[in-house]
Amino acid sequence: MIKDTKENNVKKDVVDNTTKKNSEYWLEHFLANYNKSEKRDFEKINTPLKNGPKTLIKVSSLVQIFGKGPKGKKALDGVSVEIRENENLAIVGPNGSGKTTLVECIAGLNKPSEGKIEYLFDWKKSPMENIGIQFQKSSYPNGLSVKKVINFYVSVFDCKLTKKELESLIKIFGIDEFISKNAQGLSGGQMQRINALLAVMHKPKVVFMDEIAAGLDINIKFRIKKFMKEFAKENGMTIVTVSHEIDEVEYLADRIVVLINGKVAASIYTEEAIKKYGSVENFFDKYI
Ligand SMILES: Nc1ncnc2c1ncn2[C@@H]1O[C@H](COP(=O)(O)OP(=O)(O)OP(=O)(O)O)[C@@H](O)[C@H]1O
Ligand SMILES: [Mg+2]
């Protein structure tokens, strides 16, 4: 009789594995490890903010519920966050964690169910004129060329760029390659480039970029990110970037806020995250 010892179990496992199809075995183990990592606990981090930078937008205990009754979805569940002058912020988190909802609430596109958003600007203009958003989703008026869409925005918004600056930006964003095309027939990446331009043309105080890198090829991605960082510095603009990309967060953000299930799971300075976890990648690994 074979005793059911640990050693025998290991041997049995090996025998079973050899009889299984390779791909089945791999998938089973992948799933086992995946489930293990799904259950991981994360440490709640709320690093106190450094003294100095002025708070531009203060979000307190924001709740956003979509739909009514038991089927209602709590997309934001008591989110508090501060957006501060010249302190670029990254909002990160898994799909569906509430990042876009938060940005849309701040930008006034969604009315939150509960909570408070304070725009602490002492400017003459309305808060919306001081905010620029590069949307995750986009659509343009039917039948207009890219050039006409840009001209339309120039006339509607208070475009602070000179004609020469606008022309340079069109080149920097690579829009000159498709300027005469119908705006409705553009690829996702081409739309992203236009959206990035529209978000900064009025030189807002805070610019939100929701997944700017999605769909952009490597060259243009790097060019736009570099431009955004330098343009923001030059014009006293604060960048709030929603991103899944580690290198983008590391490059752009001074501070990182992690949203999980509509709650702030971590708020930490990027350099602290690197010190504590060794790299932004390791930090992402812990939370996302
Ligand atoms: N208009 C809406 N009506 C109903 N539910 C919505 C609406 N907008 C968002 N949600 C839900 O709220 C949750 C948060 O969505 P949100 O788009 O904010 O996530 P996200 O973090 O931006 O995700 P992703 O990384 O995929 O862009 C999701 O479960 C989503 O399905
Ligand atoms: Mg989103």
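Cut-offs used in this document
Residues numbered from 1 in each chain as written. Chains lettered and ligands numbered in written order. Predicted model: local features only at pLDDT ≥ 70, side-chain atom pairs only at ≥ 80, totals over all residues. Helix = DSSP H or I, 4+ residues; strand = E, 2+ residues; numbered from the N terminus. Buried ≥ 20, exposed ≤ 12 C-beta atoms within 10 Å, placed from the backbone. Contact = placed C-beta atoms within 7 Å. Near = placed C-beta within 6 Å. Nonpolar A, V, L, I, M, F, W, Y, C, P; charged D, E, K, R; others polar. Pairing = 2+ DSSP bridges. Axes fitted to C-alpha atoms, helices over the stretch in contact; angles between N-to-C directions.

(A) How the structure looks around the overall build of the protein chain. On a plain count of helices and strands, the protein chain comes out with 10 helices and 10 strands. Out of the 288 residues belonging to the protein chain, those deemed buried represent 32%. Contacts in the protein chain between residues far apart in sequence, at least 24 positions, make up 71% of those at least 6 positions apart.

(B) Just the site of ligand 1, in detail. Around ligand 1, the neighbouring residues are Phe66, Lys73, Ala75, Gly93, Asn95, Gly96, Ser97, Gly98, Lys99, Thr100 and Thr101. By residue number, the principal contributor to the shell around ligand 1 is helix H3 (residues 99-106), which donates three residues. Its residues assigned to classes, the shell around ligand 1 comprises two nonpolar, seven polar and two charged.

(C) View of the pairing of strand S8 (residues 238-242). Extensive coverage of S8 is indicated by the burial of five of its five residues. On S8, burial covers both faces: Thr238, Val240 and Val242 on one face and Ile239 and Thr241 on the other are all buried. Sheet topology places strand S4 (residues 89-92) next to S8; three bridges connect them, and they run parallel. Across the sheet, residue Ala90 finds its bridge partner in S8, namely Thr241. Here strand S7 (residues 206-210) pairs with S8 via five bridges, running parallel.

(D) Structural context of the sheet that holds strand S5 (residues 114-119). With antiparallel pairing, three strands are arranged side by side in an open sheet as S3-S2-S5. Only two strands of the sheet have a single partner each, and these edge strands are strand S3 (73-84) and S5. Direction aside, neighbouring strands of the sheet carry axes that sit 10° apart on average. Across the face of the sheet, H3 comes into contact with strand S2 (55-66), S3 and S5 while running at roughly 120° to S2.

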